[in-house]
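Residues per chain are reported as follows:
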Amino acid sequence: MWEHFDLWKFLAGLGLFLFGMSQLENGVKELAGRGFKVFIKRHTKNKLKAILGGTLITALLQSSSVVSLMILAFVGAGVISMKSALGIILGSNLGTTFTGWLVATLGFKLDIEGFVMPFIAIGGLLVVLFPKRQQLFNIGLLTLGLAFLFLGLSFMKDSIEYLAENFDISLFTDYGLFVFFIVGFLFTALIQSSSATMVITLSALNVGIIDFYGAAALVIGANLGTTITVLLGALQGTVSKKRVALGHFLFNLVTSVVAFLSIHLIVLFITDILNIKDELVGLAVFHSAFNLLGIIIFYPFLGRFADFLDNRFKSSNDRVGLFIHETTVEVPETALEALNKETNHLLSLVLKLWRTAFLQNNEDPITWRNGRLFRPRENFLDNYYEIKKLHGEMINFYGDLQKQSLTEDESSKLSKIITATGNALYAAKDIKDIELDLSNFRKSGKKTINSLYEFFNDSNRAMTSRFKQMLDSESNETFFEELSKLMIDIQKNYDKLLEMVYDHSNRRHLEEEEIATVLNVNRELYSSNKAIILALKDFKLSPVQAAQFENLPPFR
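Residues numbered from 1 in each chain as written. Predicted model: local features only at pLDDT ≥ 70, side-chain atom pairs only at ≥ 80, totals over all residues. Heavy atoms only, no water.

A. Quick look at the confidence of the model for the protein. The pLDDT averaged across the protein works out to 79; a share of 78% of its residues lies at or above 70. Segment residues 164-170 is flagged for pLDDT under 50; beyond a separation of four residues in sequence, or across chains, it makes 11 contacts in the model. Of the regions scoring below 50 in pLDDT, residues 362-375 engages in 18 contacts with residues more than four places distant in sequence or in other chains. (pLDDT = per-residue confidence, 0-100. Contact = heavy atoms within 4.5 Å.)

Pasting the structure below:
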């Protein structure tokens, strides 16, 4: 029997099919990759949009793995929530069934080798003649990928037809459907492509090697097998990657178990209620139907499922960064988003450091942490070194990101972000230099020193509040004007303190060393405030607005 099976033609067909999928994926990804990423970012705000977006993107890209990589990057960067990511995964599983529809409706009803010749000719010429014209080159890759996909399908179909002539399917009837399920699972886990398993199953069903129920069980197994690659890849990955991989596996596991237990009901629905007699189309419907069933099962609980995953795989490292360690520099758009959010985090920590220096965070000046007694200065220094550590982590991330192929706009954004982080660190350093002086002012028994300290405290409280509002603001319409007002106000505060010190009634109550210390504190606070304004300028304003802001009178 097996002498009729052309093994090498079958393997050549499988290789061509996988190679075609790869080229199709690369072509589409390069032609519309940025657009897809923007689409995912903007159109996955709620779970229904996330599911529809995942379905559409996967159907067009013909690769759930590419979509998964984008999801991992976006979740790690904090661009989308875990709930949105799960919605995209649910949609991605439905979108990947498009391959089955394409093969079932066209793949066995065309003279494939004659059909693909023009595609190979056009695609090959575009790739060879226009290697430096990126758009034409990628169109060529896409065209070749589509041609090789169908040519591989033709080879597999022809090689299996020889086997079908002498194959007795009754040999497998005693093993039950579970064997087909396991075969589908193991084969897909081995070749890392559920689409290839689907095509092989359709080929076998087309020539009668397996019956419809066996084919359905194979497809269910393939649906679970496709998660193994993601799970293995996540073992040494980031926390977010592990969460997404676990979510993908659990969704496919539950969906596959429900589909296998309900296989007779689903098949009955397809054959008797939908009245589909074409088994190839019926299998494509079955594939889509049980993935749609999985979406229906998970949809009401998507929020709780996301919360469950968020509580898994807690990070055990001592990194300060919240976003940059959960994404990859290979996707510059999401890496910039992560760095942007981390900059917001850094600036928030600097504002917290200011409040700590004035004890505005602590109702009780002595606190407990991890079983140890911490006094205000220990709390302050702990916060300061946290800021320095985060800045170092961001510089390392910046260095890796800078090595990537960035657009001019991305390079400009990266430069502005890293300048903002530098100014944030300068602001923290200025506060650290005067923290001990502020502590001595608080403890002073002199009324004049207390009065000056209260001025510092009140002006600082007002400034940090305004800075925090601007940092948290989503609207940038009046940002330029507000930042300009802040610059004027810190100048006024600086001048007012000078007047208070130079006033004879105050000066005569101060020692010469105390006067010098107060003036130094005033200068450092002014410098720290100005550094934060400069950080916000680069972080929030456009390049044109930033240039205009630097020409304002206080900066000349």
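There's more to say after this.
B. Structural view of the packing of aromatic side chains. Counted by the stated rule, this structure contains 14 aromatic pairs. Residues tryptophan 354 and phenylalanine 467 carry aromatic rings whose centres are separated by 5.7 Å and whose planes lie at 55° to one another, so their mutual orientation is tilted. Residue tryptophan 354 is found in helix H16 (residues 332-357), and its partner phenylalanine 467 is found in helix H19 (residues 447-472); the two are separated by 113 residues along the sequence. Ring geometry for tyrosine 494 against tyrosine 526: centres 5.0 Å apart, planes inclined by 40°, an arrangement best described as tilted. Taken as a pair, tyrosine 494 in helix H20 (residues 479-502) and tyrosine 526 in helix H22 (residues 512-540) lie far apart in primary sequence, 32 residues in all. The same class applies to tyrosine 494 as to tyrosine 526, namely buried. Taken together, the aromatic side chains of Phe251, Phe298, Phe305 and Phe308 make up a single cluster linked through ring pairs. In this arrangement the basic side chain of lysine 341 is found over the ring face of phenylalanine 323, its NZ or CZ atom lying 6.0 Å from the centre. (Phe/Tyr/Trp six-rings, centres within 6.5 Å; stacked < 30°, edge-to-face > 60°. Helix = DSSP H or I, 4+ residues; strand = E, 2+ residues; numbered from the N terminus. Buried < 20%, exposed > 50% of the residue type's maximum accessible area, 1.4 Å probe, protein only. Lys NZ or Arg CZ within 6 Å of the ring centre and 35° of its normal.)

C. Focus on the pattern of salt bridges. Within this structure, the stated rule accounts for 9 salt bridges. The shortest N-O distance in the salt bridge between lysine 537 and aspartate 538 comes to 3.3 Å. Considered together, lysine 537 and aspartate 538 belong to a single accessibility category, that of buried residues. Within this structure, Lys537, Asp538 and Glu550 form a network of salt bridges that share partners. (Salt bridge = Lys/Arg side-chain N within 4 Å of Asp/Glu carboxyl O.)

D. View of the nonpolar core. Counting residues in hydrophobic clusters, the biggest one holds 71 residues, and the most contacted among them are Phe456, Phe467 and Leu483. Of all the secondary structure elements, the ones that give two or more residues to this core are H16, helix H17 (376-402), helix H18 (408-443), H19, H20, H22 and helix H23 (543-550). Those residues within four positions of phenylalanine 456 in sequence are excluded, and the remaining contacts are Phe358, Phe441, Leu497, Val518, Val521, Asn522 and Leu525. If you look at the next biggest cluster of nonpolar residues, it comprises 48 residues, including Leu141, Ala215, Leu280 and Val285. (Core = buried A, V, L, I, M, F, W, Y, C linked by side-chain atoms within 4.5 Å.)

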